[in-house]
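Survey of secondary and tertiary structure
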Amino acid sequence: MSKTDVMHKGQVIGRVWNQRWRLVAGGTLTLGMVALVGRQLALAVVPVALVVALLPYWALGALVGAVMAALRRHLRWASALFLLSAVLIATQVPLFVGPPPAPALARVPPGVPLNVLSVNIKLGQADLSQVAQMVQQQQVDVLVVVELTDSARQRAAQVGIDRLLPYHHLRPAQASLGLGMWSRWPLQQVGRVHQMSSANLVAQVGVPGAGPVSVVGVHPTIPLYPREWPRQVQALRTHLAGLAGPVVAVGDFNATLDMPPLRGLQRDGYLDVGSYLGEGWGWSWAPLTRGPRLFSLDHALIRGGVQPVALQRFGLSGSDHRGLLVRLQVPAAG
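Residues numbered from 1 in each chain as written. Predicted model: local features only at pLDDT ≥ 70, side-chain atom pairs only at ≥ 80, totals over all residues. Heavy atoms only, no water.

1. Remarks on the overall build of the protein
Check the secondary structure of the protein and you find 11 helices and 12 strands. Oriented by its inertia axes, the alpha-carbon framework of the protein measures out at about 85 × 45 × 35 Å. Expressed as a percentage of its 334 residues, the buried residues of the protein come to 49%. For the protein, long-range pairs separated by at least 24 residues make up 68% of all intrachain contacts whose partners lie at least 6 apart in sequence. As displayed, the protein offers around 15,700 Å² of accessible surface, 61% of which is attributable to carbon and sulfur atoms. Side chains of the protein carry 28 positive and 14 negative charges; the gap between the two charge centres is 10 Å. (Helix = DSSP H or I, 4+ residues; strand = E, 2+ residues; numbered from the N terminus. Buried < 20%, exposed > 50% of the residue type's maximum accessible area, 1.4 Å probe, protein only. Contact = heavy atoms within 4.5 Å. Areas by Shrake-Rupley, 256 points an atom, 1.4 Å probe, with all protein chains shown as cover. Lys, Arg positive; Asp, Glu negative; His and termini not counted. Charge placed at Lys NZ, Arg CZ, Asp CG, Glu CD.)

Structure representation (structure tokens):
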């Protein structure tokens, strides 16, 4: 092969790589902008929501792309990608530093402790003896179990959850459609969120020394159904917006903090405990049971004078989700 042929081949390879580079950079730029707009508008549109779920990854990808573009002296691409990365990263920073205490929270006197534990037991398969141990050791007052099946309900009684938390509101069902709520204290006005494909339960907990506290066990459908998911997002938001007094909503929201329903609920006055405490992304779900956690789907939202104190995530054998334990203070009676 002559020197001219070698140079020509090199030029062809260079053009191919430049085309591929522009395709990847352009795709990252476009999808990152879609994620930003979808996040800001809280668009409950399935394709957009799925792009929004990847927002932290678009931020990292845009930053890497900006560095690569600068090294290749593609200054326009570098500037555009760096600007996008900076804007996306700015949306994530509050999750790590936590917002400053709101004046309304600062004025609330110390209240009554309330410890709430939420676990997704993956089609009823996770180790409930581990859950019972957690309830006992961490002095849990309210337990929410997502994906409760009939067999899991029986195992819960066998491992002593009924004894530790004697009051319950249960709707076991097949596969991922069930949910259960156990409490140390009596439950009143038990019900459910309507228009949901799986059980989303509501009850008022009679906390001694405090007024009734509404606890909501949350589990909307996954954001893969173009008609069903937006409808359930709106149904959950409408129900939670209509609750008065102290409210604690916990469970598997099947959404990150950048997606509906979380963005909409925060606009309605709900506070995410994890972001308030500066937990960061708090990744809680893995596509594979033993794989790395890639998304934060399990959350605790509060309203009505409830104060966040601490949050702890822990692995649960047999589940693709991490459990969530939140320590709260609810307004004292009188």
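2. Some thoughts on the packing of helix H3 (residues 55-71) against helix H4 (residues 75-97)
One way to put it is that H3 packs onto H4 with a least axis distance of 8 Å and a crossing angle of 150°. In this view, H3 runs roughly antiparallel relative to H4, as classed from their interaxial angle. The handedness of the crossing between H3 and H4 comes out as left-handed. Of the residues in H4, those touching H3 at Leu-55, Pro-56, Trp-58, Ala-59, Ala-62, Leu-63, Gly-65, Ala-66, Ala-69 and Ala-70 are Trp-77, Ala-78, Leu-81, Phe-82, Leu-84, Ser-85, Leu-88, Ile-89, Thr-91 and Gln-92. The residue makeup of the contact of H3 with H4, split by class, is 16 nonpolar, 4 polar and no charged. (Axes fitted to C-alpha atoms, helices over the stretch in contact; angles between N-to-C directions. Parallel < 35°, antiparallel > 145°, perpendicular 65-115°, else oblique. Left-handed = near helix turned anticlockwise from the far one by under 90°. Nonpolar A, V, L, I, M, F, W, Y, C, P; charged D, E, K, R; others polar.)

3. Some points on the sheet that holds strand E1 (residues 112-120)
Pairing within the open sheet is mixed, and its 6 strands lie in the order E3-E4-E2-E1-E12-E11. Of all strands in the sheet, those bounded by a partner on one side alone are strand E3 (167-171) and strand E11 (307-314). On average, each strand axis in the sheet is inclined to that of its neighbour by 10°, with strand direction left out of account. When E1 meets strand E2 (residues 142-146), the two strands line up parallel, connected through 5 bridges. (Pairing = 2+ DSSP bridges.)

4. Some points on empty space enclosed by the protein
The probe, sized like a water molecule, is rolled over the atoms to show the empty space still left. Enumeration according to the criterion identifies 2 cavities of 30 Å³ or more in this entry. Size it by volume and the largest cavity reaches roughly 110 Å³. Lining the largest cavity we find 13 residues, and of these Pro-56, Thr-256, Trp-281, Trp-283 and Ser-296 sit closest to its centre. Secondary structure elements with two or more residues in the lining of the largest cavity: H3 and H4. In terms of residue class, the lining of the largest cavity is made up of 9 nonpolar, 3 polar and 1 charged. Around the second largest cavity sit 14 residues that line it, and Asp-272, Gly-274, Glu-279, His-299 and Arg-313 are the ones nearest its centre. Broken down by secondary-structure element, the contributors of at least two residues to the lining of the second largest cavity are helix H11 (273-276), strand E10 (298-303) and E11. The biggest single contributor to the lining of the second largest cavity is E10, with 3 residues. Residues that form the lining of the second largest cavity fall into these classes: 5 nonpolar, 5 polar and 4 charged. (1 Å grid on protein atoms, 1.4 Å probe; cavity = no way out; pocket = protein on both sides within 12 Å on 5 of 7 lines; lining within 4 Å. Points joined across faces, edges and corners; volume = space filled by probe spheres on them.)

5. Overview of the side chain of Asn-120
For Asn-120, the location among the structural elements is in strand E1. A polar contact is formed between the side chain of Asn-120 and the side chain of His-321, at a distance of 3.5 Å. For Asn-120, the contacting residues outside a window of four places in its chain are Val-146, Glu-147, His-219, Asp-252, Asp-298, Leu-316, Ser-319 and His-321. (Polar contact = N/O pair within 3.5 Å; in protein donor to acceptor, adjacent residues only side chain to side chain.)

6. Examining the layout of surface pockets
Looking at the largest pocket, its volume works out to about 520 Å³. Within this model, the second largest pocket holds a volume of roughly 170 Å³. In terms of lining residues, the second largest pocket is bounded by 11 residues, among which Arg-39, Pro-94, Leu-95, Gln-266 and Ser-275 are the most central. Secondary structure elements with two or more residues in the lining of the second largest pocket: H4 and helix H10 (262-267). Among the elements that take part in the lining of the second largest pocket, H4 stands out by supplying 3 residues, more than any other. Class assignment for the residues of the lining of the second largest pocket results in 5 nonpolar, 3 polar and 3 charged.

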